[in-house]
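Remarks on the overall topology
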Amino acid sequence: MEGLDFYIPAAVGGAAFLFRLPALVRRRHDPLLRSVGGLLLVASAVFVFAAPPTIAWVNRVTGVPNISAPLVYCLLTGFCASCLVLIINWRGGDAASRRRATRWCTGVYAAVIVALAVLFALADAPEERLRDLDTYYATTPFMREMIVLYLVAHTAAVLVTTVLCCRWSRQIHGWLRSGILLLTAGYLLNLGYDGAKFAAVAARWAGRDWDWLSTGLAPRLASLSAVLIGIGFVLPLAGQRASQRRRARVAYRRLGPLWREVRHAVPGSTPVRMSRWSPPQLLLTQRTSAIHDGMLLLAPYFDTAVRDRAHAAALRHGARAEEAAAIADAALTVAALRARSRAPDEAARAGPVPARESPFDLVRMSEALSHPVVADVRRRASRQESAP
């Protein structure tokens, strides 16, 4: 299909916008999210209206040859303004300063858009050009100025954005850094697009034909750039969600020993069965809640003396402070389980529920069930159960 190399990056930008749309709706007053959303929408519109089939359709509907040229150039200028507004909001700082910088940037690029429209109105460009308008009219009065103006505006915005993205990539880490690196690569390709366009136009001024740079290389660079930029905006959010799901799955599995211990000894803590395809965060929450419910049932059987002895023994084994606390809590729980099984209707000695109540503290406690100190407490409790 003709124009597919334009519609594919437009679809990528649109998909990236839709991916961020829920957050944009929830936080519609956030200037940073609005900037990202606006940039993705404008970038998608640029590729839609720059596709040759769309250019021909717009020219035909309006009845004005090459009217698509100022339309696409104005959209591209709007993309430039969106890039700079995004940078302004991304940098943070004083809200009033950001508003002033945003108004200044918007005003400058609005003036460029007006100038593009005026220059086209003054130009004489009667022959429709779907792909090579930049080079075909490179020496035509007013069209020449219009072409140079949009390229200069685009180059300036992309250059500033690229430099700042390069700086930030050295200051951040994780998924955000990966996204920034993709954005940097995308904007570098945009600079390549500008370089190819300038070279082709300058060649026409010199009486040479380097049109392939404008009609062949530049669109491909722009398409690849749009894909990288779209992925760069989506990757940090998608990667963060994937990491959260992975951490939840790992924590869910590592909580298994403690959950099974409490479930078998305290039937009231057994949760409702859920599908294996349920969200990991939901499964983790359910398992954590079941463990806490079991702990509440065991609370009357907690013997703080058992915990103190286990904590001292763990330290003697070389455990660090957090590890020793988890081992002590695990020993306290094992002893309480055995005490409850011996005397289900009587509390041995009242004591506090272990202080560590986050999923990851429970994970350490679950892993501590296999520690030798806990195993020793388990053996002692078993001997007490078998004693007459």
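The rules behind the values
The residue numbers shown here count from 1 along each chain, following its written sequence. Per-residue local features are limited, in this predicted model, to residues with pLDDT of at least 70; the limit for side-chain atom pairs, both in listing and counting, is 80 or more; totals at the level of whole chains, interfaces and linings are taken over all residues. As a convention, hydrogens and water are excluded, and side-chain values are obtained from all of the structure's heavy atoms. Within 6.5 Å between ring centres, the rings of Phe, Tyr and Trp (the latter by its six-membered ring) count as paired, and their orientation is classed by plane angle as stacked under 30 degrees, edge-to-face over 60, tilted in between. Here the term buried applies to any residue with accessible area under 20% of the maximum for its type, exposed to any over 50%, and partly exposed to those in between, with areas from a 1.4 Å probe on protein chains only. Both a distance and an angle decide whether a charge sits over a ring: NZ of Lys or CZ of Arg must be within 6 Å of the ring centre and within 35 degrees of the ring normal. Nonpolar cores were defined as sets of buried Ala, Val, Leu, Ile, Met, Phe, Trp, Tyr and Cys residues, with membership established by side-chain atoms within 4.5 Å. A run of H or I in DSSP counts as a helix once it spans at least four residues, and a run of E counts as a strand once it spans at least two, with each numbered from the N terminus. Throughout, a residue-residue contact means that at least one pair of heavy atoms, one from each residue, lies within 4.5 Å. By convention in these notes, a salt bridge is any Lys or Arg side-chain nitrogen within 4 Å of a carboxyl oxygen on Asp or Glu. Residues qualify for a patch when their relative accessible area is over 30% and they have no salt bridge, like charges being joined within 9 Å and the nonpolar side chains of Val, Leu, Ile, Met, Phe, Trp and Tyr within 5 Å. Only the protein chains shown count as cover for residues, and all accessible areas are computed by the Shrake-Rupley method using a 1.4 Å probe.

What the rule picks out here adds up to two aromatic pairs. Considering the side-chain rings of Tyr136 and Tyr137, the 4.9 Å spacing of their centres and the 80° angle between planes classify their relative orientation as edge-to-face. Residue classification places Tyr136 among the partly exposed positions, given a relative accessible area of 30%. You can call Tyr137 buried: its relative accessible area is 3%. When the ring centre of Tyr252 is taken as origin, the NZ or CZ atom of Arg287, which lies over that ring, is 3.8 Å away. Note that Arg287 overlies the ring of Trp259, its terminal NZ or CZ placed 4.1 Å from the centroid.

A separate point is the nonpolar core. Membership of the largest hydrophobic core comes to 66 residues, with the highest contact counts inside it found for Tyr187 and Phe233. Among the secondary structure elements, those contributing two or more residues to this core are α1 (4-26), α2 (31-50), α4 (68-91), α5 (95-122), α7 (143-169), α8 (174-205) and α9 (211-254). Tallying contributions element by element places α4 first for this core, with 13 residues. In this structure, Tyr187 is in contact with Leu39, Phe79, Cys83, Val158, Thr161, Thr162, Cys165, Ser225, Ile229 and Phe233, ignoring residues within four places of it in sequence. If you look at the next biggest cluster of nonpolar residues, it comprises 39 residues, including Val306, Ala313, Ala314 and Leu332.

Moving on, we come to the pattern of salt bridges. What the rule picks out here adds up to ten salt bridges. Asp132 is the partner of Arg129 in a salt bridge, and the nearest nitrogen-oxygen pair spans 2.7 Å. On the basis of relative accessibility, which here comes to 16%, the residue Asp132 falls in the buried class. Linked by salt bridges that have partners in common, Glu127, Arg129 and Asp132 make up one network.

The subject of this paragraph is a nonpolar patch on the surface. Taken together, Val114, Val118, Leu122 and Phe142 make up a surface patch of nonpolar side chains, about 350 Å² in accessible area. Relative to the helices and strands, Leu122 is located in helix α5.

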